[in-house]
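Summary of the model geometry
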Amino acid sequence: MILVFTVIFIFLLRAELDALCCVFTAIMVTHKEFETAGKVPGLQVWRIENLDLKPIPKNLHGSFFTGDAYILLYTSNAPVPSYNIHMWLGDECSLDEGGAAAIFSTQLDDFMGGKPVQYRETQKFESTTFLGYFKKGITYKRGGVSSGFQHVVINDINEKRLLHVKGRRAIRATEVEMIWSSFNQGDCFIIDLGKDIYQWCGSECNRFERLKASQLAISIRDNERNGRAKLQMVEEGCEPDAVLEVLGPKTKIAPATPDDEKVETLNKKKGALYMISDASGSMREEVVAQTSPFKQAMLSHEECYILDNGMDRNIFVWKGSKANTAERKAALAAGQKFIKDRGYSDKTQIQVIPAGAETTLFKQFFSDWRDKNETTGPTKAYTMGRIAKVDQVPFDASTLHQSSTMAAQHSMVDDGSGKVQIWRVEGGAKVPVDPSNYGHFFGGDCYLILYTYNLGGRDMHIIYTWWGQKCTQDELAASAFLTVKLDDSMGGSPVQVRVTQGQEPPHLMSLFKGKPMIIHSGGTSRKGGQTQASSTRLFHIRTSSSGNTRAVEVLATAASLNTNDVFVLKTTSALFMWRGTGATDEEMKAAKHVEMFLGGNATPVAEGKEPADFWSALGGKAEYQTSKTLQSCIKTRLFGCSNKTGNLSVEEVPGDFTQSDLATDDVMLLDSGDQLFLWIGNDANEEERNGTPKLAKEYIETDPSGRRGIPITTIKQGAEPLTFIGWFQGWDPKMWDTDPLERIRARF
């Protein structure tokens, strides 16, 4: 690798640093790790090791050593390609590692044409965008590369560590000392002993925290131990001998304590706007507006700007498309210097944003923001980038087999062209699925999928265990038993991957050759056997922010429609393909596969031009989810309002939210742009019920974009109107008939 060194000033903000640090940046002709960057949708993670980039395997994404620095690249192709680069700094990473991370972040941005959005992340203060990649939580491990700690140890039966789990929406697990004094009564802890993993629950921790901690414990078992560890839940005071043997005689457990840091919540503070320039030879700044809301016309494409929201620990650096190269490349350094000069916390987040790729958080400070050719529906995660479409490089199985790095980065061992066998769990046994029905699943069932591919002349195997959202506990238990039995029959060599409906990994989706996953209602393990298909059927087609498309059968009524998606309706005498105003071409393409399966040529129906027999088939015309925010730049956002930490606080749900994110012991706030919903869970306490309306009012009054007077609708769990449930795909009115905690315990 040829390196040409030039000196630039990178101002690194570290808690222990009071002076500016000058470091060298290596401008590379290319870097071997950049060659695969952004080629496939999803997440790529690298750690800084000896001032170089080393890839982290896919199954270990979400684990970070506190003494290290990392680079993350997230690629989305829905509806157009876009990219996010994150520089993550652990609390104990060195100045050199932080400097190298800043350099590589800038180089990767330059390599990709300056189109990605760049984020500076710090431990425990990560952005919602970052946290959204890890819905099951993130783990902070003690140590780092300088201490000899590696990410590559899988199935380590000698592992001994204690993880302190915190958070209700964004789950963080921090490695702490393996002693009783590390515990407290208000939280959950994971005692990881390699072959055995114990989830310890304090006497004062609540049900939702137990639920989230269970998801993380399951993730550790499935990803770090490939499903081969035994997982148990332990209540305070009922510790088994194996735990006491490791921790020693039990001492008094500390009482519950409130969070040390107040959760950063809504956009409560105003912003200021500055233009930055190096025309005089040194970087200078000029005030454009002292307070938000701003006007979009204030931004010139020939300049770079800093939007100062530092009191809320956010700094945005906007790069005009015609700004000079030196200013654009120095954007991250300028943001770091700005933080230092203002005396802001070293935990302040930085977003470096190229023109055309503005994030939702940035645009909320402008009262009149409009995107050119905006087509993204409000129920989709907002696409960060707006760049020309790039050719997606198809997977070459032979190339992947030669490159373990590429396979690890994309969790794609090959292109999905190997041998596939699928069984459905029926009556406690696995029954083969006809290959003609591969890609079709029943939401009330469990499936085993065995994938076989060749690597270097040797057969390799993956067992995917797929759980439908409405499968029974008996089916869950049977599927787990059958997975172990299948694994044992193959000598314990397969990799085991456990998948829940709606969370399928890219490789599993690739097995269906570009077709959507079609999920039917009902299942086989029911009284009377196989569920019979209704004479009238309605399929809801939606593409997720990761680019995966699913068709889910929903109740065949007009209320199920959604203006942002595509629906296929079949009756005994007709077939319709309904396209909502906000639907994408990708969803229409997927709907064609549903049309073929249902056996006929569908009549195209545009929203607003429905024939009478269309409404008749749905039981009559009725209200369904539609919203003026379709053409708005505002992304639908979900917040949880809770006083479980002692003070009433609000925290945003990261990533693409689902019905499962509605905590029944909280009040939730859903912002759809043109109205605000307060959803009251049945188990929310009086302070949450009484205090949240005031928070909602403050949320609107302090909106940096200047929104005022939008309606606030209060609804109760179990009585949700169409205007609310339409934001959640596949809404299940019976979800809470069974205890969510009991459902997840069945997965232990």
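Just above sits the structure.
Residues numbered from 1 in each chain as written. Predicted model: local features only at pLDDT ≥ 70, side-chain atom pairs only at ≥ 80, totals over all residues. Heavy atoms only, no water.

1. Considering the environment of leucine 273
For leucine 273, the location among the structural elements is in strand β15 (residues 272–277). Residues leucine 273 and methionine 298, 25 residues apart in the sequence, show an inter-C-alpha distance of 9.0 Å. Apart from residues no more than four positions distant in its own chain, leucine 273 is found in contact with Glu286, Val287, Val288, Ala289, Phe294, Met298, Leu299, Tyr305, Ile306 and Leu307. (Helix = DSSP H or I, 4+ residues; strand = E, 2+ residues; numbered from the N terminus. Contact = heavy atoms within 4.5 Å.)

2. Considerations on the nonpolar core
Val165, Ile190, Leu662, Leu670, Phe724 and Phe728 are the most contacted members of the largest nonpolar core, which totals 37 residues. Secondary-structure elements contributing two or more residues to this core are β10 (161–166), β12 (188–192), β13 (196–201), α3 (207–224), β34 (667–671), β35 (676–680), α15 (722–725) and α16 (740–745). The element contributing the most residues to this core is α3, with seven residues. Judged by nonpolar contacts, the second largest core, of 35 residues, contains Ile71, Tyr83, Ala102 and Tyr344. (Core = buried A, V, L, I, M, F, W, Y, C linked by side-chain atoms within 4.5 Å. Buried < 20%, exposed > 50% of the residue type's maximum accessible area, 1.4 Å probe, protein only.)

3. Comments concerning the packing of aromatic side chains
The geometry of two aromatic rings is summed up by the distance between their centres and the angle between their planes. Tallying each qualifying case throughout the model produces 38 aromatic pairs. Seen from their ring centres, phenylalanine 316 and phenylalanine 362 are 5.8 Å apart, and the 65 degrees between their planes marks the pair as edge-to-face. Of the two residues, phenylalanine 316 is situated in strand β18 (residues 314–319) and phenylalanine 362 in helix α7 (residues 360–363); the sequence distance between them amounts to 46 residues. With respect to class, phenylalanine 316 is no different from phenylalanine 362; both count as buried. Ring geometry for phenylalanine 728 versus tryptophan 731: centroids 5.4 Å apart, planes at 65 degrees, classification edge-to-face. On the basis of relative accessible area, phenylalanine 728 is assigned to the buried category, the value being 4%. The class of tryptophan 731 is buried, set by a relative accessible area of 16%. An aromatic cluster is built from Phe64, Tyr70, Tyr74, Trp88, Phe130, Tyr133, Phe134 and Tyr140, whose rings are joined through pairwise contacts. When the ring centre of tryptophan 180 is taken as reference, the NZ or CZ atom of lysine 250 above it lies at 5.9 Å. (Phe/Tyr/Trp six-rings, centres within 6.5 Å; stacked < 30°, edge-to-face > 60°. Lys NZ or Arg CZ within 6 Å of the ring centre and 35° of its normal.)

4. So, α3
One turn of the α-helix equals 3.6 residues, which is why residues spaced by three or four share an orientation. Relative to the 26 Å expected for 18 residues at 1.5 Å per residue, α3 spans 25 Å between its end C-alpha atoms, a close match to the ideal helical length. Here α3 lies mainly inside the structure; 15 of its 18 residues are buried. A side-chain oxygen of the first residue of α3 lies 3.1 Å from the backbone nitrogen of phenylalanine 208; this N-cap is asparagine 206. Immediately downstream of α3, the backbone of asparagine 226 shows phi near 50 degrees, a positive value. (Expected span 1.5 Å × (residues − 1). Polar contact = N/O pair within 3.5 Å; in protein donor to acceptor, adjacent residues only side chain to side chain.)

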